[in-house]
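Given next are the chains, with one letter for each unit.
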Amino acid sequence: MPSASSFAAFALASFLLVVVPGPSVLFVISRGVALGRRAALATVVGNAAGVYVQALLVAVGLGAVIERSTIVFTTLRFAGAGYLVYLGVQAFRHRRALSEVLDVAWTVWPTRHLLREGFLVGISNPK
């Protein structure tokens, strides 16, 4: 039986992991704020598809291979982080256009683009 202090630390860590949003949630929220509900929903669909592909790859054993290879794991981790940084840089570079995007969201951001970016965030987000 764990001690009371160990249990309290575990409960606090669990609570923080549940409460603090991850990159996928923050990405979807930012898309919803900047581009509207339809764009956020398209991003969610793409993100969910990415997570499902990731889960499928883990189910067929790729997770064990990646876990044992430090080089592959580090490469995948930095590729995912790099993509999130790329998205942040793009948002920063095009920040002046955000006010215009709100008026013409679907001409500037086609659904396939939103789905693709959501997919890439979902598949590259380590769980």
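To start, this report covers the structure provided alongside it. This is a predicted model, so every value here is computed, not measured.

**Things to note about the overall build of the protein**
Argument step 1. The secondary structure content of the protein amounts to 8 helices and 0 strands.
Argument step 2. Sequence-ordered secondary structure for the protein, helices as α and strands as β, is α-α-α-α-α-α-α-α.
Argument step 3. Across the 127 residues that make up the protein, the buried fraction comes to 21%.
Argument step 4. Long-range pairs, those at least 24 residues apart, make up 76% of the contacts in the protein with a sequence separation of at least 6.
Argument step 5. When the accessible area of the protein is evaluated, it comes to approximately 9000 Å², of which 73% is carbon and sulfur surface.

**Some details on the packing of aromatic side chains**
Argument step 1. One pass over the structure, following the stated rule, counts 1 aromatic pair.
Argument step 2. Positioned above the aromatic ring of Phe78, the side-chain terminus of Arg77 is 5.3 Å from the ring centre.

**A closer look at the nonpolar core**
Argument step 1. Counting residues in each nonpolar core, the largest one holds 5 residues, listed as Ala34, Leu35, Ala39, Ala42 and Leu114.
Argument step 2. Of all the secondary-structure elements, those providing two or more residues to this core are helix H2 (23-35) and helix H3 (37-59).

**Considering helix H8 (residues 111-124)**
Argument step 1. For H8, spanning 14 residues, the distance from its first C-alpha to its last is 20 Å, which sits close to the expected 20 Å at 1.5 Å a residue.
Argument step 2. Within the sequence span of H8, burial applies to His113, Leu114, Glu117, Gly118, Val121 and Gly122. Viewed along the axis of H8, the buried residues span an arc of 165°, placing them on a single side of the element.

**Let's talk about H3**
Because an α-helix completes one turn every 3.6 residues, residues spaced three or four positions apart along the sequence face the same direction.
Argument step 1. The end-to-end C-alpha separation of H3 is 32 Å, in line with the 33 Å expected for 23 residues at 1.5 Å each.
Argument step 2. Of the residues trailing H3, Gly61 is marked for its positive phi of about 110°.

**Examining the pattern of salt bridges**
Argument step 1. One pass over the structure, following the stated rule, counts 1 salt bridge.
Argument step 2. Residues Glu117 and Arg31 are paired through a salt bridge, measuring 2.2 Å at the closest nitrogen-oxygen approach. Taken together, the residues Glu117 in helix H8 and Arg31 in helix H2 connect sequence positions 86 residues apart. Both residues of the pair, Glu117 and Arg31, count as buried.

**Let's talk about the packing of helix H5 (residues 70-93) against H8**
Argument step 1. Interhelical geometry of H5 versus H8 gives an angle of 145° and a closest axis separation of 9 Å. Classified by chirality, the crossing of H8 by H5 is left-handed. Between H5, through Gly80, Tyr83, Leu84 and Leu87, and H8, the contact on the second element is made entirely by Glu117, Leu120, Val121 and Ser124.

**Topic: the side chain of Glu117**
Argument step 1. Its relative accessible area of 8% is what places Glu117 among the buried residues.
Argument step 2. Each residue touching Glu117, except ones within four places of it in the same chain, is listed here: Phe27, Arg31, Tyr83, Leu87 and Trp109.

**So, the side chain of Arg31**
Argument step 1. Look at Arg31 and you get buried, because its relative accessible area is 8%.
Argument step 2. When neighbours within four sequence positions are excluded, Arg31 is seen to be in contact with Gly36, Ala39, Ala40, Thr43, Trp109, Leu114 and Glu117.

**Observations regarding a nonpolar patch on the surface**
Argument step 1. Taken together, the side chains of Leu12, Phe15, Leu16, Val18, Val19 and Val20 make up a nonpolar region of the molecular surface, amounting to roughly 610 Å² of accessible area.
Argument step 2. With respect to the helices, strands and loops of the structure, Phe15 is situated in helix H1 (residues 4-19).

Thresholds, definitions, all that
All residue numbers here refer to positions counted from 1 along the written sequence of the relevant chain. Side-chain atom pairs in this predicted model are given and counted only at pLDDT of 80 or more, local residue features only at pLDDT of at least 70, and totals for whole chains, interfaces and linings cover all residues. With hydrogens and water set aside, each side-chain value is computed from the structure's full complement of heavy atoms. Strands here mean DSSP runs of E at least two residues long; helices mean DSSP runs of H or I at least four residues long; both are numbered from the N terminus. Exposure categories follow from relative accessible area, calculated using a 1.4 Å probe and restricted to protein chains: below 20% of the type maximum is buried, above 50% is exposed, and the middle band is partly exposed. In this description, contact between two residues means that some pair of their heavy atoms is separated by no more than 4.5 Å. Methods summary: accessible areas were calculated by the Shrake-Rupley approach with a probe of 1.4 Å, and residue burial reflects only the protein chains presented. For this analysis, a ring pair means two rings from Phe, Tyr or Trp (six-membered ring only for Trp) whose centres lie within 6.5 Å, classed as stacked if their planes differ by under 30 degrees, edge-to-face if by over 60, and tilted for the remaining angles. Throughout this description, the term charge over a ring refers to an Arg CZ or Lys NZ atom that lies within 6 Å of the ring centre and within 35 degrees of the ring normal. In this description, a nonpolar core means a group of buried Ala, Val, Leu, Ile, Met, Phe, Trp, Tyr and Cys residues linked to one another through side-chain atoms lying within 4.5 Å. In this analysis, the expected span of each helix is defined as 1.5 Å times one less than the number of residues it contains. As used here, the arc is the angular range of directions from the helix axis to the C-beta atoms. For salt bridges, the criterion is a side-chain nitrogen of Lys or Arg within 4 Å of an Asp or Glu carboxyl oxygen. Interaxial angles span 0 to 180 degrees and are taken between N-to-C directions of axes, which are lines fitted to C-alpha atoms, for helices over the stretch in contact. Handedness of a helix crossing follows the sense of rotation of the near helix relative to the far helix, less than a right angle counterclockwise being left-handed and clockwise being right-handed. A residue counts toward a patch only above 30% relative accessible area and without a salt bridge, and it is joined to like-charged neighbours within 9 Å or, for Val, Leu, Ile, Met, Phe, Trp and Tyr, to nonpolar neighbours within 5 Å.

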